[in-house]
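Architecture at a glance
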Amino acid sequence: MPSSDATSVVGDRVRFWSALAEDQRRTATVEVPLSALPVRASAEDLAAAVDALLENVIAHTPEGTAFSVRLSAVDSGARLEVADGGPGIPTDAELRGRSDRGSSGLGLDIARRCAESSGGTMTIARGPSGGALVTLLLNSP
């Protein structure tokens, strides 16, 4: 069963995307634990999921739009929340190929499959800033 340290993977991917976010004048709020947070997902799969979610923020919100990434421990493992202040995600966007923004929806599918392969779930909701809030629940190994 694959596993990885979500703290390390999420932190690494946020650092990767931070240069582009800074170039686009995006304020990023990042909260990750100080200690390791093991999850039942390979580092590669989790990195692909985080990349897909952050790429969606960059691609589907105007430059200057703030976003947040929050990773926290929960009883079953970890909760990863990516939220933005953009226009939000259409309610049917979880279904691959159903985005109304010219996207294939593949990024959300990658994130959903990562969560589900760990025994967890992905949910999409309206975030605190009115934009999208995508939550991945990832089970521990």
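None of these values were measured; they are calculated from a predicted model. (Residues numbered from 1 in each chain as written. Predicted model: local features only at pLDDT ≥ 70, side-chain atom pairs only at ≥ 80, totals over all residues. Heavy atoms only, no water.)

We now examine the overall build of the protein chain. Looking only at helices and strands, the protein chain has three helices and seven strands in total. Secondary structure elements of the protein chain, listed N to C terminal, follow the sequence β-α-β-β-α-β-β-α-β-β. Evaluated residue by residue, the protein chain yields a buried proportion of 43% over its 141 residues. Residue pairs at least 24 apart in sequence account for 69% of intrachain contacts in the protein chain once pairs closer than 6 positions are excluded. Of the roughly 7100 Å² of accessible surface on the protein chain, 50% is carried by carbon and sulfur atoms. (Helix = DSSP H or I, 4+ residues; strand = E, 2+ residues; numbered from the N terminus. Buried < 20%, exposed > 50% of the residue type's maximum accessible area, 1.4 Å probe, protein only. Contact = heavy atoms within 4.5 Å. Areas by Shrake-Rupley, 256 points an atom, 1.4 Å probe, with all protein chains shown as cover.)

Our focus in this paragraph is the side chain of Gln 24. Looking at where Gln 24 falls in the secondary structure, it is placed in the loop between helix 1 (6-23) and strand 2 (28-31). One polar contact links Gln 24 to Arg 26, side chain to side chain, over a distance of 2.7 Å. Ignoring anything within four residues of it in the chain, the contact list for Gln 24 reads Ile 58, Glu 63 and Gly 64. (Polar contact = N/O pair within 3.5 Å; in protein donor to acceptor, adjacent residues only side chain to side chain.)

The geometry of helix 2 (residues 43-60) relative to helix 3 (residues 106-117) is characterised by a closest axis approach of 8 Å and an angle of 145° between their N-to-C directions. Seen from above, helix 2 lies across helix 3 with left-handed handedness. On helix 3, the residues touching Asp 45, Leu 46, Ala 48, Ala 49, Ala 52, Leu 53 and Asn 56 of helix 2 are Gly 107, Leu 108, Ile 110, Ala 111 and Cys 114. Classifying every residue of the contact of helix 2 with helix 3 gives nine nonpolar, two polar and one charged. (Axes fitted to C-alpha atoms, helices over the stretch in contact; angles between N-to-C directions. Left-handed = near helix turned anticlockwise from the far one by under 90°. Nonpolar A, V, L, I, M, F, W, Y, C, P; charged D, E, K, R; others polar.)

Our next topic: the sheet that holds strand 7 (residues 132-139). Taken in spatial order, the five strands make up an open sheet running 2-4-5-7-6, and their pairing is mixed. Bordering the open sheet on either side are strand 2 and strand 6 (121-126), each of which pairs with just one other strand. Pairs of neighbouring strands in the sheet enclose a mean axial angle of 15°, with direction left out of account. Bridging between strand 6 and strand 7 involves six bridges; their strand directions are antiparallel. If you follow Ala 125 over to strand 7, its bridge partner there is Leu 133. Along the sheet, helix 1 makes contact with strand 2, strand 4 (67-74) and strand 5 (77-84), crossing strand 4 at roughly 175°. (Pairing = 2+ DSSP bridges.)

Looking now at the packing of aromatic side chains. A full pass over the atoms with the stated rule returns one aromatic pair. With centroids separated by 5.6 Å and ring planes inclined at 85°, the aromatic side chains of Phe 16 and Trp 17 adopt a geometry described as edge-to-face. (Phe/Tyr/Trp six-rings, centres within 6.5 Å; stacked < 30°, edge-to-face > 60°.)

Positioned with a positive phi, Arg 25 is a non-glycine residue whose angle comes to about 55°. Along the chain, Arg 25 falls in the loop between helix 1 and strand 2. Residue Arg 25 is classed as exposed on the basis of its relative accessible area, which comes to 57%.

One finds Leu 46, Leu 54, Val 69, Leu 80 and Leu 136 to be the most contacted residues of the largest nonpolar core, which totals 31 residues. Sorting the residues of this core by element identifies helix 1, helix 2, strand 4, strand 5, helix 3 and strand 7 as the ones contributing at least two each. The dominant element in this core, judged by the number of residues it contributes, is helix 2, at eight residues. Apart from the residues within four sequence positions on either side, Val 69 is in contact with Val 10, Val 14, Thr 29, Val 30, Glu 31, Leu 54, Leu 80, Glu 81 and Val 82. (Core = buried A, V, L, I, M, F, W, Y, C linked by side-chain atoms within 4.5 Å.)

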